[in-house]
Amino acid sequence: MICSSSLNSRRPPTVLAIHDLSGFGRGSLTTAITILGTMGIQACPLPTSLLSAHTEFDGFTFLDLTGEMEKIIAHWQTFGLKFDAIYSGFLGSPAQAALVRKAIELFSHSGTICVIDPVLGDNGDLYPTMDAVMVQEMRMLIRDADIITPNLTEAALLLDEPCRETIDKTTIIAWLKRLSEMGPHAVVITSAIMSEESESNAASLVIAHSRPPQTRRSEFWQVKCDYIPAHYPGTGDIFASVLTGSLLWKEELPVAIARAMRFIATGIEQSELAGEPRKNGIVLEQVLGGLNGPLSRTRSQQLFPDYENLK
Ligand code: PXL
């Protein structure tokens, strides 16, 4: 466990997990519940939609659960539920953005962390159930977030910029600032391929960490990782779930990012070894055991070989 000394000395932290439930193809709620549970955190699902499989599977079924969400929120309200984190992802309708806002208002306490993964698309395209109205709603929803975790496509959509395959440092810093100005205290852009880098070391993860409004100082980091020429759906869900769990155990943001990146790298390696079809997602079941290990100093240094303060 990340914080083994605190095990049993307090109740497990709680997360309200607002995502779809996809029966096949690891991602969304199945991923969030599994990862957070392994991290010793109780994840309470508020399902936004029910799918037979994630949307990369042709012919997937889709049931919008907006009406049911309203009823669940109303019921929970009757017994004063509060969560230590509210973590949202794939929404089933644009109207659900208002329900997420309502959930944040009703179910937060003074220390609740609000993580919004603005799930809209990837590789330059919107997911099939998403449209311009959803993009607009997501722009409003991120105002209420402490942390957002868009991939490069989602960052472009939120900013109404053309989607791009690669990005240069000056542009991504401008994007990070603009996204921060929309509300969140921290912006983590994943899957950013930097145009300045060589092909072999091109996949970067860039984060901006804005300080509290009083100081008005911002910090920017770039965390690089090796380019992995393989697309696994659900990687963004794994990233945001590990990040949320790690932050709940009071790890610093760069450490939380390191933990998420390490876990994904191991997961991809193991999936390739196991011969799992990539569309089925990363073989979580085979790598969960390594999720909570301490990030030793040496290990952290390895994880940040090109850790760079961009300022
Ligand atoms: O990983 C994002 C995501 C969430 N939920 C569903 C998806 C996807 C990405 O394809 O299809 C249903």
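Only a predicted model underlies this, so the values are computations on that prediction, with no experimental measurement involved.

Reading the values: rules and limits
- Residues numbered from 1 in each chain as written.
- Predicted model: local features only at pLDDT ≥ 70, side-chain atom pairs only at ≥ 80, totals over all residues.
- Heavy atoms only, no water.
- Near = heavy atom within 4 Å.
- Polar contact = N/O pair within 3.5 Å; in protein donor to acceptor, adjacent residues only side chain to side chain.
- Helix = DSSP H or I, 4+ residues; strand = E, 2+ residues; numbered from the N terminus.
- Buried < 20%, exposed > 50% of the residue type's maximum accessible area, 1.4 Å probe, protein only.
- Contact = heavy atoms within 4.5 Å.
- 1 Å grid on protein atoms, 1.4 Å probe; cavity = no way out; pocket = protein on both sides within 12 Å on 5 of 7 lines; lining within 4 Å.
- Points joined across faces, edges and corners; volume = space filled by probe spheres on them.
- Nonpolar A, V, L, I, M, F, W, Y, C, P; charged D, E, K, R; others polar.
- Phe/Tyr/Trp six-rings, centres within 6.5 Å; stacked < 30°, edge-to-face > 60°.
- Lys NZ or Arg CZ within 6 Å of the ring centre and 35° of its normal.
- Pairing = 2+ DSSP bridges.
- Axes fitted to C-alpha atoms, helices over the stretch in contact; angles between N-to-C directions.
- Left-handed = near helix turned anticlockwise from the far one by under 90°.
- Salt bridge = Lys/Arg side-chain N within 4 Å of Asp/Glu carboxyl O.

*Asks:* Where do I start with the site of the ligand in this structure?
*Replies:* In the vicinity of the ligand, the residues found are D20, S22, S28, L51, H54, T55, F90, V119, Y127, G234 and D237. Separating an oxygen atom of the ligand from a side-chain N or O atom of D237 is a distance of 2.8 Å.

*Asks:* How should I be thinking about the environment of A103 in this particular structure?
*Replies:* Tracing the sequence through the fold places A103 in helix 3 (residues 96-107). Exposure remark for A103: the relative accessible area of 0% places this residue in the buried category. With 34 residues separating them in the primary sequence, A103 and M69 have C-alpha atoms 9.9 Å apart. With near-sequence residues (within four places) excluded, A103 lies in contact with L16, I18, I73, I86 and S108.

*Asks:* Just to check I follow, could you spell out the layout of surface pockets for this structure?
*Replies:* The space that makes up the second largest pocket amounts to roughly 400 Å³. Elements supplying a minimum of two residues to the lining of the second largest pocket: strand 7 (108-116), helix 7 (235-248) and helix 8 (253-274). The leading source of residues in the lining of the second largest pocket is strand 7, at four residues. A breakdown of the residues in the lining of the second largest pocket according to their chemical character gives eight nonpolar, four polar and six charged.

*Asks:* Would you explain the packing of aromatic side chains in this entry?
*Replies:* Any two aromatic rings considered together are summarised by their centre-to-centre distance and by the angle between their planes. Tallying each qualifying case throughout the model produces four aromatic pairs. With a centroid separation of 5.7 Å and 70° between ring planes, the pair formed by F24 and F57 is classed as edge-to-face. In this pair, F24 sits in strand 2 (residues 21-24) while F57 sits in the loop between strand 4 (49-53) and strand 5 (62-64), placing the two residues 33 residues apart along the sequence. You can call F24 partly exposed: its relative accessible area is 43%. A centroid spacing of 6.0 Å and a plane angle of 85° characterise the contact between F83 and F107, whose relative ring orientation is edge-to-face. Of this pair, F83 sits in strand 6 (residues 83-88) while F107 sits in helix 3; the two residues are 24 residues apart in sequence, bridging distant segments of the chain. The class of F107 is buried, set by a relative accessible area of 1%. A network of ring pairs unites the aromatic residues W76, F83 and F107 as a single cluster. Its guanidinium or amino end placed over the ring of F57, K279 lies 4.6 Å from that ring's centre, counting from NZ or CZ.

*Asks:* Just checking my understanding: could you explain helix 5 (residues 152-159) for this structure?
*Replies:* One turn of the α-helix equals 3.6 residues, which is why residues spaced by three or four share an orientation. In terms of burial, helix 5 is largely enclosed, as eight of its eight residues are buried. Listing the buried residues of helix 5 in full gives L152, T153, E154, A155, A156, L157, L158 and L159. Positive phi appears at D160, one or two residues downstream of helix 5, with a value of about 60°.

*Asks:* Sorry, what's going on with the sheet that holds strand 4 here?
*Replies:* Neighbouring strands of a sheet are bound in pairs by backbone hydrogen bonds; such pairs are parallel or else antiparallel. Spatially, the three strands line up as an open sheet ordered 2-4-5, and their pairing is mixed. A strand with exactly one partner marks an edge of an open sheet, and here the two such strands are strand 2 and strand 5. On average, each strand axis in the sheet is tilted by 10° relative to the strand beside it, whichever way the strands run. As defined by bridge partners, strand 2 adjoins strand 4 across three bridges and the pair is classed as parallel.

*Asks:* I would appreciate a short explanation of the packing of helix 1 (residues 28-38) against helix 7 in the present structure.
*Replies:* Packing of helix 1 against helix 7 leaves a shortest axis separation of 9 Å and a crossing angle of 35°. Judged by the twist between their axes, the crossing of helix 1 over helix 7 is right-handed. Here S28, T31, A32, I35 and L36 of helix 1 come into contact with helix 7, specifically with D237, I238, S241, V242 and G245. By residue class, the composition of the contact of helix 1 with helix 7 is five nonpolar, four polar and one charged.

*Asks:* Would you explain the pattern of salt bridges in this entry?
*Replies:* Here the idea is simple: oppositely charged side chains can pair when their charged atoms come close. Evaluation of the coordinates by the stated rule reveals six salt bridges. Linking K71 and E68 is a salt bridge whose minimum nitrogen-to-oxygen distance equals 3.3 Å. You can see K71 and its partner E68 sitting in helix 2 (residues 66-78), three residues apart, about one turn around the helix. Judged by its relative accessible area of 39%, E68 falls in the partly exposed class.

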